[in-house]
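This is what each chain is made of:
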Amino acid sequence: MAAIQTDVSPLDESAVRSLLESDQLVEARQRSLARRSLSLNTLVLMWGLRIYAVFMFGIVGYQVAHTL
Amino acid sequence: VEVGPQVVDQSIPALTDEDWKRAADRRRVLLARMRGRSPLLLWLLVGPGILVMLGENDAPSMISYAQTGAQYGIGFFVPFIALTFLMAYVVQEMTVRLGAVTHRGHAEMIFARFGPFWGWFSLTDLGIGNFLTLVTEFIGIRAGLSFFGIPPVISVGVSVLLIVGATATARYWTWERIALGLAAFNCLFVPAAILAHPNWGAVSVSFVKWGPLPGGLSNSVIFLLIADIGATVTPWMLFFQQSAVTDKGLTKRDLLHGRIDTALGAVLAAGFAIAALIAASVLFAKGINTSSFGDADFAQHLQPIIGRVGATLFALGIFEAGLVAAIAISTSSAYAFGEVTRKARSHNRTLRDGLPFHLMLILSALGAAALVLLPGLPLVFFVLIVNVVAVLAMPPAVVLLLLMVNDRDVMGTWCNGKLGNVAAITTTVFLVLASILFGVTIIFPNLFG
């Protein structure tokens, strides 16, 4: 912790590593997280909302084209 | 001495310029915490929450609040606005937790945990919504400064330069403070409201009685209710705050301050939104029909009633609302772009190192600005359509958020608790129902008379 005793001292590499959590480092964030498995109920909910959104966007798009 | 190839330990990630800058910010936080300097700690840790809430008090939103005040006066909508910001807090707090625990942006998390199929759907919603909203922000910028006779090319051009200048600092902390400094001017609606000399008793009573609502529940009231909801919780806010929390470098230890930041933003934004409503409510009292008002018309019509100073504050407020939102929304697009393409996604990247990020931010702002300057474009139409798109895109976005914040594999003990889920699910159901109700009014415009 010596490197962080004063806020004007220049940081060194070990101080940077101690100040940031390991998964905060840019290179660590390049690693992908594993895909989660979705239950049937979740999939039905997501599909339902997606279909609703696409349908409504279609209606709005139609109204936009109709108005213009 | 024979020197072999350098052995690189793959288990220790190399440091980048972005890491060094973030670590410098984290050191200040650590020192403030160690020395027990609470006000300094708060000052260092606030930002994303206030920005997202005041950013959402954007030009179309403030016009929507003014329209509400001018059409229905002080009554039902005053407490309703406070309620919508309570909902915004519930939703946005989850993005703070996601960002601080996972250190990943919102788009990044969706792509990683749900796959590209659902990711691209979300990103398409965000891209369309962000671009349309950006256009409306520049309409607000143009309209706000037109009150002072400033030509659109100047007002829009200067605003783009400010956006470019802020991102060119290549430092998250500096960018955030510039944006916060500009966002502070959202308070201009408060003196404008005071100059309108409203009946403060009626304002207080409205919180108790939730009324009056002149004309009852009509189609236009439902439209305004939805517009006000759409003005408070929108998809870009989810993407922006989680990514900004990650970029700022907040950790689990900072969650209390992240929540205070978000709550402070919600309280300020609600107060300023109500102030815009109150300022314009004098038009209701005078019986002036504002149904065909554009962004610039409110300040002009308010001038004879609340005076030149009040109208000036209102016009400047609209300009500021557009500018701060344009800064936040263009950043939200750049974050999402960087996260999905797995390229630079931080304000801590230099212009050269983070070129795709900065370029995306600048090009999205430039594109929207250029569109606003095109002659003959139906600008009012853009303003009307943008809230519609935001409200319709919200249900899938908020459900994904809820699934992610309850994802024990990545959130661990920071998942929603029972009480948190009751609040989050209630808010989500309310938002989804509001969106569906709005959809019904689009298909059956005469349903509620």
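Because the structure is a prediction, the values reported are computed rather than measured. (Residues numbered from 1 in each chain as written. Chains lettered and ligands numbered in written order. Predicted model: local features only at pLDDT ≥ 70, side-chain atom pairs only at ≥ 80, totals over all residues. Heavy atoms only, no water.)

Asker: It is not clear to me how the interface of chain A and chain B should be interpreted in this structure. Could you clarify?
Answerer: One frequent convention defines the size of an interface as the accessible area lost when the parts assemble. Each partner contributes residues to the interface: chain A has 49 residues there, and chain B has 63 residues. Roughly 5,000 Å² is buried in total at the junction of chain A and chain B, and carbon and sulfur atoms are behind 64% of that figure. The largest contributions to the chain A side of the interface with chain B come from R29, R36 and R50 of chain A, which together make up 16% of the buried area. For the pair chain A and chain B, the number of links is three salt bridges. We note a salt bridge from E18 of chain B to R29 of chain A, for which the minimum N-O separation is 3.6 Å. Of all elements in the fold, only helix 1 (13-19), helix 2 (26-29) and helix 3 (40-67) of chain A reach the threshold of two or more residues within the side of chain A that touches chain B. Residue contributions to the side of chain A that touches chain B peak at 17 residues, all from helix 3 of chain A. (Contact = heavy atoms within 4.5 Å. Buried area = accessible area lost by both parts, 1.4 Å probe. Salt bridge = Lys/Arg side-chain N within 4 Å of Asp/Glu carboxyl O. Helix = DSSP H or I, 4+ residues; strand = E, 2+ residues; numbered from the N terminus.)

Asker: What exactly am I supposed to notice about the confidence of the model for chain A here?
Answerer: Interpreting fine coordinate detail is not advised for predicted regions of low pLDDT. Summarising the model, chain A shows a mean pLDDT of 82, and 84% of its residues fall at 70 or more. Throughout residues 1-6 of chain A the model reports pLDDT below 50, and contacts reaching past four residues in sequence, or to other chains, amount to 14 contacts. (pLDDT = per-residue confidence, 0-100.)

Asker: Any chance you could explain the packing of aromatic side chains here in plain terms?
Answerer: Each pair of aromatic rings is reported with the distance of its centres and the angle of its planes. Residues and elements named next belong to chain B. A complete count under the given rule lists 18 aromatic pairs over all chains for this structure. With centroids separated by 6.5 Å and ring planes inclined at 50 degrees, the aromatic side chains of F240 and Y335 adopt a geometry described as tilted. Of the two residues, F240 is situated in helix 13 (residues 235-248) and Y335 in helix 15 (residues 295-341); the sequence distance between them amounts to 95 residues. Y335 shares its class with F240; the two are buried. Taking the centre distance of 5.6 Å and the plane angle of 45 degrees together, the rings of Y335 and F357 count as tilted. Of this pair, Y335 sits in helix 15 while F357 sits in helix 16 (residues 355-373), and the two are 22 residues apart along the sequence. (Phe/Tyr/Trp six-rings, centres within 6.5 Å; stacked < 30°, edge-to-face > 60°. Buried < 20%, exposed > 50% of the residue type's maximum accessible area, 1.4 Å probe, protein only.)

Asker: What should I look at first to understand the side chain of T234 of chain B in this one?
Answerer: Residues and elements named next belong to chain B. Considering the arrangement of structural elements, one finds T234 in the loop between helix 12 (219-230) and helix 13. Note on T234: relative accessible area 5%, which makes it buried. Within the local environment of T234, its side chain forms a polar contact with the side chain of E56, the two groups lying 3.4 Å apart. Ignoring any residue separated from it by four or fewer positions in sequence, one finds T234 in contact with E56, A390 and M394. (Polar contact = N/O pair within 3.5 Å; in protein donor to acceptor, adjacent residues only side chain to side chain.)

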